[in-house]
Amino acid sequence: MHHTTAMLIELGAIILALGLLGRLAGRVGFSPIPLYLLAGLAFGHGGILPLQASEEFVATGAEIGVILLLLLLGLEYSASELVTNLKTQYPSGAVDFVLNAVPGAVAALILGWGPVAAVALAGVTWISSSGVIAKVLGDLGRLGNRETPVVLGILVIEDLAMAVYLPILTALLAGVSLAGGAVTLLISLGTVGAVLYLALRHGRLISRAVSSDSAEMLLLVVLGLTLLVAGLAQELQVSAAVGAFLVGIALSGEVAEGASSLLTPLRDLFAAVFFVFFGLSTDPADIPPVLVPALLLAAVTTLTKVATGWYAARRAGIQGGGRWRAGGTLVARGEFSIVIAGLAVAVEPRIGPMATAYVLILVVLGPLTARFTEPLARRVVASRAGDRCSESAAEPKPPESASAIV
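Residues numbered from 1 in each chain as written. Predicted model: local features only at pLDDT ≥ 70, side-chain atom pairs only at ≥ 80, totals over all residues. Heavy atoms only, no water.

Scanning the protein chain from terminus to terminus reveals 16 helices and zero strands. Taken across its 406 residues, the protein chain has 47% of its residues classed as buried. The long-range share in the protein chain, meaning contacts at least 24 apart out of those at least 6 apart in sequence, stands at 82%. When the accessible surface of the protein chain is summed, it comes to about 19,700 Å², and 68% of that surface belongs to carbon and sulfur atoms. (Helix = DSSP H or I, 4+ residues; strand = E, 2+ residues; numbered from the N terminus. Buried < 20%, exposed > 50% of the residue type's maximum accessible area, 1.4 Å probe, protein only. Contact = heavy atoms within 4.5 Å. Areas by Shrake-Rupley, 256 points an atom, 1.4 Å probe, with all protein chains shown as cover.)

Turning to the packing of helix α5 (residues 115-126) against helix α14 (residues 335-344), a few remarks are in order. For the pair α5 and α14, the least separation of the axes is 8 Å and the interaxial angle reads 165 degrees. One way to sum up the angle between α5 and α14 is to call them roughly antiparallel. Judged by the sense of rotation from one axis to the other, the crossing of α5 with α14 is left-handed. Where α5 abuts α14, its residues A120, G123 and V124 lie against S337, I340, A341 and A344. Among the residues making up the contact of α5 with α14, the classes are represented as five nonpolar, two polar and no charged. (Axes fitted to C-alpha atoms, helices over the stretch in contact; angles between N-to-C directions. Parallel < 35°, antiparallel > 145°, perpendicular 65-115°, else oblique. Left-handed = near helix turned anticlockwise from the far one by under 90°. Nonpolar A, V, L, I, M, F, W, Y, C, P; charged D, E, K, R; others polar.)

Attention now moves to the confidence of the model for the protein chain. Keep in mind that low pLDDT regions are not for reading the predicted coordinates in detail. Per-residue confidence for the protein chain gives a mean pLDDT of 80, with 86% of residues at or over 70. Per-element confidence in the protein chain is highest for helix α12 (residues 288-315), whose mean pLDDT is 94, and lowest for helix α16 (residues 402-405), whose mean pLDDT is 42. (pLDDT = per-residue confidence, 0-100.)

To continue, consider the packing of aromatic side chains. All told, the structure shown has three aromatic pairs when counted by the stated rule. Here W310 and W324 contribute two aromatic rings whose centre-to-centre distance is 6.4 Å and whose plane-to-plane angle is 55 degrees, an arrangement assigned as tilted. Separated by 14 residues along the polypeptide, W310 in helix α12 and W324 in helix α13 (residues 320-329) bring together distant segments of the chain. Accessibility expressed as a relative area gives 29% for W310, which makes it partly exposed. Ring pairs connect the aromatic residues F97, W126 and Y165, which therefore count as one cluster. The side chain of R323 reaches across the aromatic face of W310, ending 5.1 Å from its centre. (Phe/Tyr/Trp six-rings, centres within 6.5 Å; stacked < 30°, edge-to-face > 60°. Lys NZ or Arg CZ within 6 Å of the ring centre and 35° of its normal.)

In helix packing, the relevant descriptors are the interaxial angle and the interaxial distance, both defined with respect to the helix axes. Interhelical geometry of helix α3 (residues 55-75) versus helix α10 (residues 240-250) gives an angle of 30 degrees and a closest axis separation of 7 Å. In terms of their interaxial angle, α3 and α10 are classed as roughly parallel. Judged by the twist between their axes, the crossing of α3 over α10 is right-handed. Across the interface between the two elements, V66, I67, L70, L71, L73, G74 and L75 of α3 pack against A240, A241, A244, F245, V247, G248 and I249 of α10. Here the contact of α3 with α10 is composed, by residue class, of 12 nonpolar, two polar and no charged.

Tracing the backbone through its elements, the reader meets E147 in the loop between α6 (130-139) and α7 (148-173). By relative accessible area, E147 is classed as buried at 3%. There is a polar contact of 2.9 Å between the side chain of E147 and the side chain of R325. E147 has contacts with R142, I318, G322, R325 and A326, leaving out every residue within four places of it along the chain. (Polar contact = N/O pair within 3.5 Å; in protein donor to acceptor, adjacent residues only side chain to side chain.)

Turning to a nonpolar patch on the surface, a few remarks are in order. Taken together, the side chains of F97, V98, V102, V106 and I110 make up a nonpolar region of the molecular surface, amounting to roughly 460 Å² of accessible area. With respect to the element layout, V106 can be found in helix α4 (residues 79-110). (Patch = residues over 30% accessible without salt bridge, like charges linked within 9 Å, V, L, I, M, F, W, Y side chains within 5 Å. Salt bridge = Lys/Arg side-chain N within 4 Å of Asp/Glu carboxyl O.)

Tracing the backbone shows L296 in helix α12. By relative accessible area, L296 is classed as exposed at 56%.

Tallying each qualifying case throughout the model produces seven salt bridges. For the salt bridge of E147 with R325, the shortest nitrogen-to-oxygen distance reads 2.9 Å. In this pair, E147 is assigned in the loop between α6 and α7 and R325 in helix α13, connecting sequence segments 178 residues apart. No difference in accessibility class separates E147 from R325, as the two residues are buried. The partner of R350 in a salt bridge is E348, with the nearest N and O atoms 2.8 Å apart. Its relative accessible area of 9% is what places E348 among the buried residues. One network of salt bridges, in which partners are shared, links E147, R325, E374 and R378.

Pasting the structure below:
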């Protein structure tokens, strides 16, 4: 009884603190993710007041948070939209991978963490935060901008790439042989292909089977189906998060809209718990040794993400300001970076503190780059144009010819 009482008190304190931190972040105009991470650091191992009674429950809640994050993301897209995005924007997705995954891999190798950790850190630096970016686009009133579909296209390609990347990473972390890893990848690709096929051909039938006039029944069926598929995916060595994402893609129309409105509060609650749990599992004393590498890596990958967005917008025929806005919007990292680091900490414990510091930096910097990259770029361009005019005005004019004088 004493343990149950202590757990309830700790959970109540955690949820209340999350609510207060979320309100504070909303007033300041930033994502609450860095505050959640800091709260986890403060009350985790090595923190001010370590929590113990509720640790197991928080760990389970964190797993549910990842599943709901990916489910809600999948509900935002239809299978046809995903296929169209893949056909039109795969070159931009390839550029995104090269520019942003390579710095993470190189950093891990320079730090001496080994090839498996290099694959993990490459994923941490590669994937932008869909949740943070969606919130920033809404806050800035850019959902109707011409460059927004380009930004969302990049995010969709990254999310789909996770269906391939996460099984590979899981196999590497488990020390599976090349043949075993190939089987896992084939299972993952087969699962993704089957779900996309069912969603394209029979999406209406699936949605009709799940649909219900009762909000309670709809919530129970969608949530139960998602957890079941996520668990089966995990059993097949495919990420539970990818399984949840595929369930979201398979649902469409009114079912997707209804499920999204019902599950959004649950997602927000458990996603906050997930970020807190990651902070709880990281010792604050481990962050200072990796702070300088995290800052350098954040600086490099900020530039590479801006370059990615600029290139993708240019391919889509978007002019000047829209290119810079697209680049600045993609900078934020968040949930996927933490998920990847959470998988890899068993092999290389230093990835946890590194990812925490890295995400803290970019989740704060991301909304700033989204807001100020375009004005800064315009100012730089105008300054250079002014310098050229000054230089041309300062150049001595050639003497006039005699005929001109006459």
